[in-house]
Amino acid sequence: MGTVNIDNWVVQLRKGVLELCLVNLLANGEIYGYDVVKQLARVKGLVVTEGTVYPLLSRLRKAGLLTARLEESPSGPARKYYGLSSEGRQARVLMNACWGDLLKGIAELQKEREGNHG
Amino acid sequence: MAEWTPEAREYLEGYLAQVSALARQKGDDADEIAADLRVHITCEAEKAVDAVVTLDDLRRTIAVVGTPEQVIDAGLPTAIPGTPRPSVAREDAPTPLLSPMPPAPRARSSVGCWIVGIVAAVLCAIAIPAIVIAGLLLVRAGKRAESMYMYHVESAVRFDRGVYTANEKAVIDSLRTIASAQTQYHAYTRSYATTIGALYAPDDLQMQFIDAELAIGTKQGYVFSITSTDPAARWKCEAKPSVQSKDGARAFTTDETGVIFCDGRPI
């Protein structure tokens, strides 16, 4: 009997959760792109390689959910700050509601199963 | 601000060029992603050193940032032959699952299809000769890329060292496959493969990261070999023409960063 492999499941889960984390991270205001990556990387298991966050930021900006602006830096290149657009704020509310429902439903399901086996 | 050695600077440009080419293939904003990555890598590399950023410093930084394939998630097969699970290298490149206003599916009329087809054909007829002529002019002038922006006019196979033959492109693809396979192998074993044969276990579907032909080490008239002085962290794969005069004169290499080199220079 082979070992259980949940890689695919983890990959799919991580993709969706990363967007959820990103919109929540930006909910309180703009953040420098480098700091966005560093803060997301602090969530264990969320970001395997740091560079992958930048394509996601770019894609969400193109989709209209994020804003981006450059600000001159006294030391080094101009800094790019990312924030949530009004569409991004709406998406965040819907995503958090969906996430809450999912967590609640899963918790109830787990509780029922444990009750049946207990 | 720290100084950079010329080798480190050139390596970074090669890395960003490969990220840009893959991003363009995927339809992403290649300029934006490459610019963001440049800032990130520069910050990280300079933070870790006192005065001079060397090639080794940069390689360590890129190992954390990810290979071009990991960053962009392009050009990888949906499943490696004989491997029932998805590529580990794909996992870290999220595609946005969200859209603010998902467009409703619309039925397209046959007239519309014809118009779109004709317009596409006309555009191809104009664009292809223009690209070919531009490529020939660049090759004749012997110009090298001086910045990432020259990559705007290239296709995925047009790099700063000129146009590669179809066989050489296939060799570059094989090296990309090996780099991706090494990432997966490392995820499973916590160590990189030290021989190319280790990336294909005939009796174990879970350990077939490359195809059987490539695992032999000879493909497309090239000999592929992997070496490693520190299997936990580093490896290098060389692809040398088996018969130089017949198969090409150029040798290619890659390593744990995923950057492809031609005759020792990043492509």
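Since we're looking at a predicted model, the values are computed, not measured.

(A) Examining the overall build of chain A more closely. On a plain count of helices and strands, chain A comes out with four helices and three strands. Taken from the N to the C terminus, the helices and strands of chain A come in the order α-β-α-α-β-β-α. Within chain A, the fraction of its 118 residues that count as buried is 25%. Put simply, 43% of the contacts in chain A that link residues at least 6 apart link residues at least 24 apart.

(B) Structural detail: the overall build of chain B. Secondary structure assignment for chain B yields nine helices and ten strands. Across the 267 residues in chain B, those meeting the buried criterion constitute 38%. In chain B, the proportion of contacts linking residues at least 24 apart, taken out of those at least 6 apart, comes to 57%.

(C) Focus on the pairing of strand β3 (residues 79–84) of chain A. Residue and element names in this part refer to chain A. The two faces of β3 differ: K80, Y82 and L84 on one face are buried, but R79, Y81 and G83 on the other face are not. Across two bridges, strand β1 (residues 31–32) lies against β3 in antiparallel orientation. Looking across to β3, one finds that Y32 is bridged to Y81. Where strand β2 (residues 66–71) meets β3, six bridges bridge the pair, whose relative direction is antiparallel. Each bridged residue has a counterpart across the sheet, and for L70 the counterpart in β3 is K80.

(D) Seen up close, the sheet that holds strand β8 (residues 252–255) of chain B. Residues and elements named next belong to chain B. Strand order in the open sheet made by the six strands is β5-β6-β7-β8-β9-β10, with antiparallel pairing throughout. Edge positions in the sheet fall to β5 (218–219) and β10 (265–266), since each of these pairs with one other strand and no more. Inspection of the sheet shows strand β9 (residues 261–262) paired to β10 by two bridges, in the antiparallel sense. Bridging across to β10, C262 finds its partner in R265. Along the sheet, helix α7 (residues 166–189) makes contact with β5, β6 (222–227), β7 (236–241) and β8, crossing β8 at roughly 15°.

(E) The arrangement of helix α2 (residues 30–47) of chain B in detail. Between its first and last C-alpha atoms α2 of chain B spans 25 Å; for 18 residues at 1.5 Å apiece the expected length is 26 Å, and the two agree. A30, I33, A34, A35, D36, L37, V39, H40, I41, T42, E44 and A45 of chain B are the residues of α2 of chain B that are buried. Where the residues of α2 of chain B are buried, they touch α2 (33–41), α3 (53–62) and β3 of chain A together with α1 (6–26), β2 (52–53) and α3 (55–65) of chain B.

(F) Examining α3 of chain A more closely. All names here are of chain A. Burial within α3 is extensive, with nine of its ten residues counted as buried. Of all the positions in α3, only V53, Y54, P55, L56, L57, S58, R59, L60 and R61 are classed as buried. G64 occupies a position one or two residues after α3 and carries a positive phi of about 90°.

(G) Examining the nonpolar core more closely. Ranked by internal contacts, the top residues of the largest apolar core, which has 69 residues, are L57 of chain A together with V19, L37, L175, L199 and I210 of chain B. The element contributing the most residues to this core is α1 of chain B, with ten residues.

(H) Main features of the packing of α3 of chain A against α2 of chain B. Packing of α3 of chain A against α2 of chain B brings their axes to within 9 Å, and their N-to-C directions diverge by 140°. If you check the angle between α3 of chain A and α2 of chain B, you find them oblique. Read as a crossing pair, α3 of chain A and α2 of chain B show a hand that is right-handed. In contact with Y54, P55 and S58 of chain A of α3 of chain A, α2 of chain B contributes E32, I33, D36 and L37 of chain B.

(I) Expanded view of the sheet that holds β3 of chain A. Pairing is antiparallel across the open sheet formed by three strands, whose spatial order is β1-β3-β2 (chain A). One side of each edge strand has no neighbouring strand; the edge strands of this open sheet are β1 and β2 of chain A.

(J) Quick look at the packing of α2 of chain B against α3 of chain B. Residue and element names in this part refer to chain B. Following both chains from N to C, one finds α2 and α3 inclined at 125°, their axes separated by 9 Å at the closest point. Here α2 lies oblique to α3, going by the angle between them. Relative to α3, α2 is oriented so that their crossing is right-handed. Facing L37, H40, I41, E44 and A45 of α2, the residues of α3 in contact are D57, L58, T61, I62 and V65.

Basis of the calculations
Along each chain, the written sequence defines residue order, and numbers are assigned to residues from 1. The order in which chains are written sets their letters, starting at A; the order in which ligands are written sets their numbers, starting at 1. Local features in a predicted model are, by the rule used here, given only for residues with pLDDT of at least 70; side-chain atom pairs are given and counted only at 80 or more, and totals for whole chains, interfaces and linings are based on all residues. Note on conventions: DSSP H or I runs of at least 4 residues are helices, E runs of at least 2 residues are strands, and numbering of each starts at the N terminus. As a rule, residues whose C-beta atom has 12 or fewer other C-beta atoms within 10 Å are exposed, those with 20 or more are buried, and those in between are partly exposed; C-beta atoms are placed from the backbone. Here, residues touch in the contact sense if the C-beta positions derived from the backbone fall within 7 Å of one another. What makes two strands pair is DSSP finding at least two bridges between them. For every element, the axis is a line fit to its C-alpha atoms; helices are fit only across the contacting stretch, and the angle between N-to-C directions ranges from 0 to 180 degrees. Every helix has an expected span of 1.5 Å times one less than the residues it contains. Nonpolar core, as used here: buried Ala, Val, Leu, Ile, Met, Phe, Trp, Tyr and Cys residues forming one set through C-beta atoms within 7 Å. Working definition: roughly parallel below 35 degrees, roughly antiparallel above 145 degrees, roughly perpendicular at 65 to 115 degrees, and oblique for all remaining angles. Left-handed is the label given to a crossing in which the near helix is rotated counterclockwise from the far helix by less than a right angle, and right-handed is the label when the rotation is clockwise.

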